[in-house]
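Residue strings, one per chain:
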Amino acid sequence: MLGRPHVRVEGRSKVTGTAVYSSDTREGPVAHAALVTSAIAKGRISGFDLTAAESVPGVLGIFTHRDFAGAVAPVAHLMDGGYANSSHRPLSSDRVAYAGQIVALVIGRTLEVAEQAAALVAVSYAAEPASGTFDDPGAETVRLADLKQHHEEVSVGDPEAAWTAAAAQVAARYETPIQHHNPIELFTTRCAWDGERLTVHEPTRYIGAVQHGLAAQLGMDPMNIRVVSGLIGGHFGSKFALSQHTALVALAAKRLGRAVSLVPTRRQCFTIANYRPESRHDIRLAADRDGRFTALVHEAEVVTSRFDPFMMEGTDVTASLYACPAIRTEERAVRVDRNTPGPMRAPPEVPYLFALESAVDEMALLLGVDPIELRRRNDTARDPVTDKPFSSRPLMACFDAGAAAFGWERRSIEPRSLRDGPWQVGLGCASSVRPVKSAAATMRLRLLPDGSVEVATAHHEIGNGITTLLAMGVSEWLGVPVGRVRVLLGDSDLPPSSLSGGSSTTTSLMSTLALGCDQLRTRLAQAATATGWSFEGYDPNGLRVSEGRLLAEDGRAVPLGEAAALVGPAGAETLAEFVPAGAPEKALESLRAGRIGLSLGGDALSWGFGAQFAEVHVHGETGEIRVARLTGAFAAGRVLNPLTARSQLVGGMIWGLGSALLEETVLDGATYRNADLAEYLVPTSADVEAVEAVLVPDPDEIVNPLGVKGLGELGIIGVNAAIANAVHHATGRRIRSLPIRVEDMI
C-alpha cells in the first residue's frame, strides 16, 4: 500500500463542495463581525465618531480600545517562547504601530450590516513619521545574534585571505521582495460560549498554540477552550499560530451572549496575518582555477517589525550546501513600522538560496564551466561547517536525473546562443535543499470489534494529503482496507500534536502511527494468547498482523475485530507517543503546553535534495518572458504516496515561477498598495506550460526508521534562481532583484 499511488480519501468532498471549512460552521444563531483597520502607519488614535455606524439597523456592538483595553493579556511570539503570530495586541491602547492594524471591531446581525457599519466608523489620528523598509529614516538594523538568543553566525577558516588569493571571484547583491501567502480560505474565526467553555472554529496550523495562547490571553484554563480546525483551504506558512484577532472575537461573543463569526476581507488579510519580508544578500564566492570553492561570505538583511524578534535565518543552509574551507556568515534584522512577518513556504531557503544559486551560476560562467559540473566539483558528503556526515547526499543524482529528463545536453555555456524565431531561449538550473524536521506527536488508535480502525490526533489536513497517508499506513501495518479507516484530525479534544510546518507532518505523524500500530499488535497478541482465548499457549511475540487478521506462524488466524473484542467490548485502543531523535528531553511536555518543538535530528545532517531546471523564452522585441518548461528532480527519502507527492512538488514549482516573475507586495511608504488578487500577481494557467516532477530514489536508513524526509517545501526552493539563471542564459542580462519583469528586459 505505502509507496503506491492512492487518491485522496477526502478528495470527493472537496470537489463536490460538501467539505466543511471553519467559516462553514452552522451551529446555532451567529452574529457577524467586520474589522476597521488603521489608515496610518504610526501614531495615535485621537478619537472616534461612531454616530453613523451605530445608526445602521442591525448593529449589535462596536468595540474599540476603550472597550477592550486590559482585557487581553500579552502573549509572546511562537518562536520567542510564546504562542502568537505577533505579540502586538490590537485594541489594547490608542497606539498605532503599523498600517492595517485593527482599530475597531463591528458586530452586526448579518455580514452585510457589519461591513456597512464598519465602513462608516470615522477615526481621527495623530500621525507620526514611519519607517517602511531598508534604509528608511528611523529603520533600526540589529545583528540577529543580538536579537535572537540561540542564533550563531558561521565562521570557518579565513575567508578574507582565501578571497584575496582566489583565481576567480563573484561579488554581488541579490534581493527578494515582500510576498504574501494569499490562501483562498481567508483568516476566519468563529467563537461561541457555552457557560465558561469557549469553542473556536478557526483555520490554524497549530491548534495547541491557539488553545493555550488564548487561555493565557483571557486568563482561562486551556481545558475550557476547544479549538476546531477542520479542512484548511491553504496556508503556505500563514495561519501560523494564535492570531491577534481571535481574542477580540471571543470577547465580543461573550459580551453579546451569542456566537460571533469573523470573515475578514482579502485586503485586511495582508496585515492581520504574516508575510514573507523583503531580503537582501551580499554574496562573495571565490574559487580556484579548477572551480573548487575556496571562500564563501554570505551577509543577509531581512525586515521585521518593531515589536517581535522574528526573522527566518537561512545562512546555516547556504553555508553547508557545498564544500568550502573558508566560510563566514552574518545576518541582520531591520526593524520597521510594519506588521510582523512569518514563515512562508520554505521560509529561509527560497530567498537565501536564490542568492547563492545565482552566484554559483555567475561563477560557472566566469570559469567557463557547465553549471552542473561546477556543483559536482563542489559536492560534499560532509557538512563543511560541523564536519557531520549527511545521512544521504543524492544532490548530484537529482541533477543527473533532472538533466536527462529536461534535455540539458542542448545547452551551450555562452548566453544568447539559443533562439526560437523571435524568442531568445535560455536554460537554467539550481539546487533545491531543505533540512529534515520532525516533531513530537501523540495519536490514539482504536481497533473496533467490526474490524474498522479509528486514528485520532490534533493535527491538521492542510491539503497535503496526510489524511490519506494515515489511512494508507493503517492499511499497510494492520491490513485493514483504506475504506475501513476513519481519520480524525483538527480538534484540540484529540491527542495533541505539533504544528503543520517545516515539512514535518509526514515524518512526525507517520512515525507516530507506526509506533501505535506496533503497540496495538502487541495488545492484541497479549489478549489472544491469554488463558482460554484463541492463541492460548502461543508466544505473543510470534504473532503478526496481516490482511486484517492476527496470524501465527503455523497459519492459524483470527480476524482483527475478533481479537479486538478480546481486549474489551469497545475494542482495543492505544495511545502512541512519538519523540524524534534529537528532540529536547521535555518534548512531550512542551507539546501538551502548545509550545513549538521542531527537531533537526542527531549526529548526521538529514536533508531533502532536488535539482530545478527552467527553460525560459524572452521575446527579442517586446521583452515578454515565458517559462516554457519546468523540470524538477527530487530525492526526499521514502515516498509514501507518489500521487500526492508529485502534486505537492508541481504545485511548489508553479509557486516558484510566481516567486521569480510575478509576486511582489508593493510599498507606498509603510503601507501595502496592492493588497488584493487583482494587483498582487500569482501564476494562472496561462503562465504555466509544461511542469514535470521526477522522483529520485533516496534510501536513507539513518534519517528515521521509516526513511521518510518530507517533501512539501522542496518543490518551490531554487525555482526562482533557475529561472533567473535561464533569463541570463537567454539574454545575457543578469537580474539580481526579484521579481523579473518585462522592464528588466528592455
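Residues numbered from 1 in each chain as written. Predicted model: local features only at pLDDT ≥ 70, side-chain atom pairs only at ≥ 80, totals over all residues. Heavy atoms only, no water.

A.B. asks: For this particular structure, what's the right way to read the overall build of the protein chain?
C.D. replies: From N to C terminus, the protein chain includes 19 helices and 32 strands. Relative to its length of 746 residues, the protein chain is compact, with a C-alpha radius of gyration of 27 Å against a globular reference of 27 Å. Seen along its three principal axes, the alpha-carbon backbone of the protein chain occupies a region of about 80 × 80 × 50 Å. By residue count, 61% of the 746 residues in the protein chain fall in the buried class. Total accessible area computed for the protein chain in this model is approximately 27200 Å², and 50% of it derives from carbon and sulfur atoms. For the protein chain, the centre of its 69 positive side-chain charges and the centre of its 85 negative side-chain charges are spaced 2 Å apart. (Helix = DSSP H or I, 4+ residues; strand = E, 2+ residues; numbered from the N terminus. Rg over C-alpha atoms; globule rule 2.2 N^0.38 Å. Buried < 20%, exposed > 50% of the residue type's maximum accessible area, 1.4 Å probe, protein only. Areas by Shrake-Rupley, 256 points an atom, 1.4 Å probe, with all protein chains shown as cover. Lys, Arg positive; Asp, Glu negative; His and termini not counted. Charge placed at Lys NZ, Arg CZ, Asp CG, Glu CD.)

A.B. asks: I keep staring at the nonpolar core and nothing clicks. Help me out?
C.D. replies: Most often, soluble globular proteins have nonpolar side chains that are buried together. Counting 87 residues, the largest nonpolar core has Phe-293, Phe-613, Leu-661, Ile-723 and Ile-740 as the members making the most contacts within it. Here the element with the most residues in this core is helix 11 (residues 349–367); it accounts for nine residues. Setting aside residues no more than four positions away along its own chain, Ile-740 makes contact with Ile-625, Ala-660, Leu-661, Ala-724, Val-727, Ile-735 and Met-745. Formed by 45 residues, the second largest nonpolar core is a distinct cluster that contains Val-72, Leu-198, Ala-209 and Phe-240. (Core = buried A, V, L, I, M, F, W, Y, C linked by side-chain atoms within 4.5 Å. Contact = heavy atoms within 4.5 Å.)

A.B. asks: Sorry, what's going on with a nonpolar patch on the surface here?
C.D. replies: Among the surface-exposed residues, Ile-184, Leu-677 and Val-682 lie close enough to one another that they form a single nonpolar patch of about 270 Å² accessible area. Assignment of secondary structure puts Val-682 in the loop between strand 31 (671–672) and strand 32 (690–695). Look at Val-682 and you get partly exposed, because its relative accessible area is 34%. (Patch = residues over 30% accessible without salt bridge, like charges linked within 9 Å, V, L, I, M, F, W, Y side chains within 5 Å. Salt bridge = Lys/Arg side-chain N within 4 Å of Asp/Glu carboxyl O.)

A.B. asks: Explanation requested: the environment of Thr-189 in the structure shown.
C.D. replies: Along the polypeptide, Thr-189 turns up in strand 10 (residues 189–194). Distance in space between the C-alpha atoms of Thr-189 and Val-260 is 8.2 Å, their sequence separation being 71 residues. Apart from residues no more than four positions distant in its own chain, Thr-189 is found in contact with Val-200, His-201, Glu-202, His-245, Thr-246, Val-249, Val-260, Ser-261 and Leu-262. Side chain to side chain, Thr-189 and His-245 meet in a polar contact 3.3 Å long. (Polar contact = N/O pair within 3.5 Å; in protein donor to acceptor, adjacent residues only side chain to side chain.)

A.B. asks: Even after reading the chapter, I still don't get the pairing of strand 9 (residues 168–176), so can you show me in this structure?
C.D. replies: Side-chain positions along a regular strand alternate between the two faces of the sheet. Only one face of strand 9 is buried: it carries Ala-168, Val-170, Ala-172, Tyr-174 and Thr-176, and the other face, with Gln-169, Ala-171, Arg-173 and Glu-175, is open. Looking at chain direction, strand 9 and strand 14 (residues 279–287) are connected through nine bridges and run antiparallel. Looking across to strand 14, one finds that Thr-176 is bridged to Ser-279. (Pairing = 2+ DSSP bridges.)

A.B. asks: I'm lost on the pattern of salt bridges in this one. Help?
C.D. replies: Two side chains of opposite charge can pair, provided their charged atoms sit close to one another. What the rule picks out here adds up to 46 salt bridges. A salt bridge links Arg-280 to Asp-135, with the nearest nitrogen and oxygen atoms 3.0 Å apart. Of the two residues, Arg-280 is situated in strand 14 and Asp-135 in the loop between strand 6 (122–127) and strand 7 (140–143); the sequence distance between them amounts to 145 residues. Judged by relative accessible area, which is 10%, Arg-280 ranks as buried. Assessed through its relative accessible area of 63%, Asp-135 is described here as exposed. The residue Glu-373 makes a salt bridge to Arg-376 at a minimum N-O spacing of 3.7 Å. Pair noted here: Glu-373 and Arg-376 are both in helix 12 (residues 371–377), with a separation of three residues, about one helical turn. The network of salt bridges with common partners includes Asp-135, Arg-280, Glu-301, Glu-330 and Arg-332.

A.B. asks: Whenever I open this one, the sheet that holds strand 17 (residues 418–420) confuses me. Can you help?
C.D. replies: Note on sheets: strands pair through backbone hydrogen bonds, and any given pair is parallel or antiparallel. Read across the open sheet, the five strands follow the order 17-18-28-29-32; overall the sheet is mixed. Whereas interior strands pair on both sides, the edge strands pair on one side only; in this sheet they are strand 17 and strand 32. Recorded for the sheet is a direction-independent mean angle of 25° between the axes of neighbouring strands. The pairing of strand 18 (residues 423–435) with strand 28 (residues 607–619) spans 13 bridges and is antiparallel. Across the sheet, residue Val-433 finds its bridge partner in strand 28, namely Phe-609. (Axes fitted to C-alpha atoms, helices over the stretch in contact; angles between N-to-C directions.)

A.B. asks: What is the right way to read the packing of helix 18 (residues 642–661) against helix 19 (residues 719–731) from this model?
C.D. replies: Two quantities define a packed helix pair, namely the angle between the helix axes and the distance between the axes. Contact pair helix 18 / helix 19: the axes reach a minimum separation of 8 Å and the direction vectors enclose 55°. Viewed along their axes, helix 18 and helix 19 adopt a mutual orientation that is oblique. Considering the relative orientation of helix 18 and helix 19, their crossing is right-handed. Residues Met-653, Gly-656, Leu-657, Ser-659, Ala-660 and Leu-661 of helix 18 form the contact with helix 19, whose participating residues are Val-719, Asn-720 and Ile-723. For the contact of helix 18 with helix 19, the per-class residue count stands at six nonpolar, three polar and no charged. (Parallel < 35°, antiparallel > 145°, perpendicular 65-115°, else oblique. Left-handed = near helix turned anticlockwise from the far one by under 90°. Nonpolar A, V, L, I, M, F, W, Y, C, P; charged D, E, K, R; others polar.)

A.B. asks: Just checking my understanding: could you explain the packing of helix 11 against helix 19 for this structure?
C.D. replies: At a minimum axis separation of 8 Å, helix 11 and helix 19 run at an interaxial angle of 30°. As helix 11 packs across helix 19, the resulting crossing turns out to be right-handed. Contact residues: helix 11 offers Val-350, Leu-353, Phe-354, Glu-357, Ser-358, Asp-361 and Leu-365, while helix 19 offers Asn-720, Ala-721, Ala-724, Asn-725 and His-728. Class assignment for the residues of the contact of helix 11 with helix 19 results in six nonpolar, four polar and two charged.

A.B. asks: Looking at this structure, how should I read the packing of aromatic side chains?
C.D. replies: Remark: the centre distance and the inter-plane angle together describe each pair of aromatic rings, the angle taken between the planes. Overall, the coordinates contain 15 aromatic pairs when judged by the stated rule. Consider the rings of Phe-236 and Trp-655, whose centres lie 5.3 Å apart with planes at 65°: the pair is edge-to-face. You can see Phe-236 sitting in the loop between strand 12 (225–228) and helix 8 (246–256) and its partner Trp-655 sitting in helix 18, a full 419 residues away along the chain. A relative accessible area of 12% places Trp-655 in the buried class. When the centroid spacing of 6.0 Å and the interplanar angle of 75° are considered together, the rings of Phe-399 and Phe-613 count as edge-to-face. In this pair, Phe-399 is assigned in helix 13 (residues 395–406) and Phe-613 in strand 28, connecting sequence segments 214 residues apart. Phe-613 gets classed as buried once you look at its relative accessible area, which sits at 1%. Counting every residue linked through ring pairs, the aromatic cluster contains Phe-399, Phe-406, Trp-408 and Phe-613. Across from the ring centre of Trp-193, 4.4 Å away, lies the NZ or CZ of Lys-254, which sits over that ring. Lying across the ring of Trp-163, Arg-284 places its NZ or CZ 5.2 Å from the centre. (Phe/Tyr/Trp six-rings, centres within 6.5 Å; stacked < 30°, edge-to-face > 60°. Lys NZ or Arg CZ within 6 Å of the ring centre and 35° of its normal.)

A.B. asks: I tried to follow the pairing of strand 22 (residues 485–488) on my own but got confused; where do I start?
C.D. replies: Every second residue of strand 22 is oriented toward a common face, the buried set being Val-485 and Val-487 and the non-buried set Arg-486 and Leu-488. Bridge analysis of strand 21 (residues 453–456) against strand 22 gives four bridges, and the strand direction is parallel. Opposite Val-453, over in strand 22, you have Val-485 as the bridge partner.

A.B. asks: For this particular structure, what's the right way to read the side chain of Lys-239?
C.D. replies: Among the structural elements, Lys-239 can be located in the loop between strand 12 and helix 8. Lys-239 gets classed as buried once you look at its relative accessible area, which sits at 3%. A polar atom in the side chain of Lys-239 sits 2.8 Å from the backbone oxygen of Glu-185. Among the polar contacts made by the side chain of Lys-239, one reaches the main-chain carbonyl oxygen of Gly-234 at a distance of 2.7 Å. The contact partners of Lys-239, leaving out residues within four places of it in the chain, are Pro-183, Glu-185, Leu-186, Phe-187, Pro-203, Thr-204, Arg-205, Ile-232, Gly-233 and Gly-234.

These figures capture arrangement, not role.
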